[in-house]
Amino acid sequence: MFKKSLFILLFTCLSSVAFGQIQEWASGFRIGEPGGFMARKYLSNGINAVEVNIGAYGGLWGTDRNYKDGTFKNIGFTMNALYLWHHPTLINSDIHTYYGFGPQYTSRDLYAKGSTTPTNNGGFGAAAVGGIEFYPVDAPNLSFFGEVGFYNEIAPNPFFFHVQGGIGVRVNF
């Protein structure tokens, strides 16, 4: 089932490139933290977008991380939804900058001090991101990006701060 879904997604993205449709959506993947897949909807004002990311959390900066009265020792799951402002740069219209924020959910196994048995730890907080995106002239529906940001947990561990970032590619259709 997964292979069939992946084939349909790739076929849709590639056919969008072939027909040069107006950019309303983008989908792609990021290597980093969080790492995974994203879908972006550009809003009709040409400035804003809404992006949903689903993937792995806790791997880029190392899997061992102190948290409350224990340690994370693995890679977990994350999902966020970001509201973005997107602008072409004055230097080159093929290079855009963007920034935004939104809610983020994380889930990782937490090992209490002295314990070898993990407990699942879900967290909810705010994510912020800023990035730069390049649209090659020869492939206008393809874009490459790099971004940095942070996650600040609200519950269950207020003020737990985690740096995020990564690089990736999107197909715009």
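In what follows, the accompanying structure is described. (Residues numbered from 1 in each chain as written. Predicted model: local features only at pLDDT ≥ 70, side-chain atom pairs only at ≥ 80, totals over all residues. Heavy atoms only, no water.)

**Let's talk about the overall build of the protein chain**
Okay, so step 1: The helix and strand inventory of the protein chain stands at one helix and 10 strands.
Okay, so step 2: For the protein chain, the sequential pattern of α-helices and β-strands runs α-β-β-β-β-β-β-β-β-β-β.
Okay, so step 3: Here the protein chain, with 173 residues, has 40% of them falling under the buried criterion.
Okay, so step 4: Residue pairs in contact within the protein chain that sit at least 24 positions apart in sequence constitute 56% of those at least 6 positions apart.
Okay, so step 5: For the protein chain, the accessible surface area stands at approximately 9,800 Å², while carbon and sulfur atoms represent 70% of it. (Helix = DSSP H or I, 4+ residues; strand = E, 2+ residues; numbered from the N terminus. Buried < 20%, exposed > 50% of the residue type's maximum accessible area, 1.4 Å probe, protein only. Contact = heavy atoms within 4.5 Å. Areas by Shrake-Rupley, 256 points an atom, 1.4 Å probe, with all protein chains shown as cover.)

**Concerning the side chain of Asn172**
Okay, so step 1: The residue Asn172 is located in strand β10 (residues 161–172) in this model.
Okay, so step 2: Under the relative-accessibility criterion, Asn172 is labelled buried at 0%.
Okay, so step 3: Within polar-contact distance, the side chain of Asn172 engages the side chain of Ser143 at 3.2 Å.
Okay, so step 4: For Asn172, the residues in contact, after removing those within four places along its chain, are Gln23, Trp25, Ala26, Tyr42, Tyr135, Asn141, Leu142 and Ser143. (Polar contact = N/O pair within 3.5 Å; in protein donor to acceptor, adjacent residues only side chain to side chain.)

**Thoughts on a nonpolar patch on the surface**
Okay, so step 1: Together, Val52, Ile54, Phe77, Met79, Tyr105, Phe124 and Ile154 line one region of the surface with nonpolar side chains, adding up to about 610 Å² of accessible area.
Okay, so step 2: Mapped onto the nonpolar patch, the elements with two or more residues apiece are β3 (48–57) and β6 (76–88).
Okay, so step 3: Inspection of the secondary structure puts Phe77 in strand β6.
Okay, so step 4: Given the relative accessible area of 37%, Phe77 is considered partly exposed. (Patch = residues over 30% accessible without salt bridge, like charges linked within 9 Å, V, L, I, M, F, W, Y side chains within 5 Å. Salt bridge = Lys/Arg side-chain N within 4 Å of Asp/Glu carboxyl O.)

**Some details on the pattern of salt bridges**
Okay, so step 1: In this structure the tally under the stated criterion is seven salt bridges.
Okay, so step 2: For the salt bridge of Arg30 with Glu147, the shortest nitrogen-to-oxygen distance reads 2.5 Å. Taken together, the residues span a long stretch of sequence, with Arg30 in strand β1 (residues 25–33) and Glu147 in strand β9 (residues 142–155) at a distance of 117 residues.
Okay, so step 3: Its relative accessible area of 6% is what places Arg30 among the buried residues.
Okay, so step 4: Owing to a relative accessible area of 8%, Glu147 belongs among the buried residues under this scheme.
Okay, so step 5: The network of salt bridges with common partners includes Arg30, Arg40, Glu51, Glu133, Glu147 and Arg170.

**Details of the environment of Ser27**
Okay, so step 1: Relative to the helices and strands, Ser27 resides in strand β1.
Okay, so step 2: What makes Ser27 buried here is its relative accessible area of 12%.
Okay, so step 3: For the pair Ser27 and Met38, spaced 11 residues apart in the sequence, the C-alpha separation amounts to 5.5 Å.

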